[in-house]
Amino acid sequence: MSEQHLGGCLCGAVRFSIRAKPGPVVGCHCSQCRRQTGLYYAAVNVPRAALSVEDPGAVRWYRSSGEAQRGFCGNCGSALFWQGDESPEVSVLAGAFDEPSGLSFSHHIYCTDKGDFYEITDGLPQYDRYPPR
């Protein structure tokens, strides 16, 4: 049997399953992520094909840039997904997973764009953009 991880939005209108091991949690501190969530985006990447949404019609998509869109619950507004147009992966917000999630933080990106009202003090690597490969 393959690995499965479940989750959903605040009101329960969107439920999803992932049939793959999620990547590590990455904190994105860019201004778009901060504006959408109120702090920063904490998300994991999974292959698009591994994500299944029970009622895809409950998810609303917002084109946030020329190369990506953000998915959220059309009922309660919970932020759930980030999808780059050319990416074979989808980012799923870590807080949307049912517990125990088994997830752990890896690093932070777009740290020079972070809000002026908080500090990143967890000791994890911090990058201006994406980490070097």
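Going by the structure above, here's the rest.
Residues numbered from 1 in each chain as written. Predicted model: local features only at pLDDT ≥ 70, side-chain atom pairs only at ≥ 80, totals over all residues. Heavy atoms only, no water.

Side note on the sheet that holds strand β10 (residues 105–109)
Each strand in a sheet pairs with another by means of backbone hydrogen bonds, the pair being arranged parallel or else antiparallel. Here we have 7 strands laid out as an open sheet, ordered β6-β7-β8-β9-β4-β3-β10, and mixed in their pairing. Because the sheet does not close on itself, it has two edges, and the strands there are β6 (59–65) and β10. Ignoring strand direction, the axes of neighbouring strands in this sheet form an average angle of 30°. Sheet topology note: the strand β3 (residues 25–28)/strand β4 (residues 41–47) ladder contains 3 bridges and is antiparallel. Bridge assignment links Gly27 to a residue of β4, and that residue is Ala42. (Pairing = 2+ DSSP bridges. Helix = DSSP H or I, 4+ residues; strand = E, 2+ residues; numbered from the N terminus. Axes fitted to C-alpha atoms, helices over the stretch in contact; angles between N-to-C directions.)

Considerations on the nonpolar core
Core analysis: the biggest nonpolar cluster contains 21 residues, and Val14, Phe16, Ile18, Leu80, Phe81 and Val92 have the highest contact counts within it. Counting residues per element, this core draws most heavily on β4, at 3 residues. (Core = buried A, V, L, I, M, F, W, Y, C linked by side-chain atoms within 4.5 Å. Buried < 20%, exposed > 50% of the residue type's maximum accessible area, 1.4 Å probe, protein only.)

Comments concerning the pairing of strand β9 (residues 89–93)
For β9, the tally of buried residues reaches 4 of 5 residues, placing the bulk of the element in the interior. Pairing geometry for strand β8 (residues 79–84) and β9, over 2 bridges, is antiparallel. Opposite Trp82, over in β9, you have Ser91 as the bridge partner. Between β8 and β9, which pair antiparallel in sequence order, lie 4 residues.

Quick notes on the sheet that holds strand β5 (residues 51–53)
Pairing within the open sheet is antiparallel, and its 3 strands lie in the order β1-β2-β5. Whereas interior strands pair on both sides, the edge strands pair on one side only; in this sheet they are β1 (5–8) and β5. Across the sheet, the mean angle from the axis of one strand to that of its neighbour is 20°, orientation sign disregarded. Sheet analysis places strand β2 (residues 15–18) next to β5, joined by 3 bridges and oriented antiparallel.

Quick look at the packing of aromatic side chains
Working definition: an aromatic ring pair is given by the centre-to-centre distance plus the angle between the planes. On inspection of all chains with the given rule, the structure shows 6 aromatic pairs. The cationic tip of Arg70 hangs over the ring face of Tyr41; the distance from NZ or CZ to the ring centre is 5.3 Å. (Phe/Tyr/Trp six-rings, centres within 6.5 Å; stacked < 30°, edge-to-face > 60°. Lys NZ or Arg CZ within 6 Å of the ring centre and 35° of its normal.)

Thoughts on the layout of surface pockets
Reported here for the largest pocket is a volume of approximately 940 Å³. Around the largest pocket sit 31 residues that line it, and Asn45, Trp82, Ser91, Ile109 and Tyr130 are the ones nearest its centre. Considered class by class, the residues forming the lining of the largest pocket number 15 nonpolar, 9 polar and 7 charged. (1 Å grid on protein atoms, 1.4 Å probe; cavity = no way out; pocket = protein on both sides within 12 Å on 5 of 7 lines; lining within 4 Å. Points joined across faces, edges and corners; volume = space filled by probe spheres on them. Nonpolar A, V, L, I, M, F, W, Y, C, P; charged D, E, K, R; others polar.)

Structural notes on the environment of Gly102
Turning to its location among the elements, Gly102 is positioned in the loop between β9 and β10. Along the backbone, Gly102 and Gln126 are 24 residues apart, and their C-alpha atoms lie at a distance of 22 Å.

In short, the description is geometric, and any link to function would need to be established separately.
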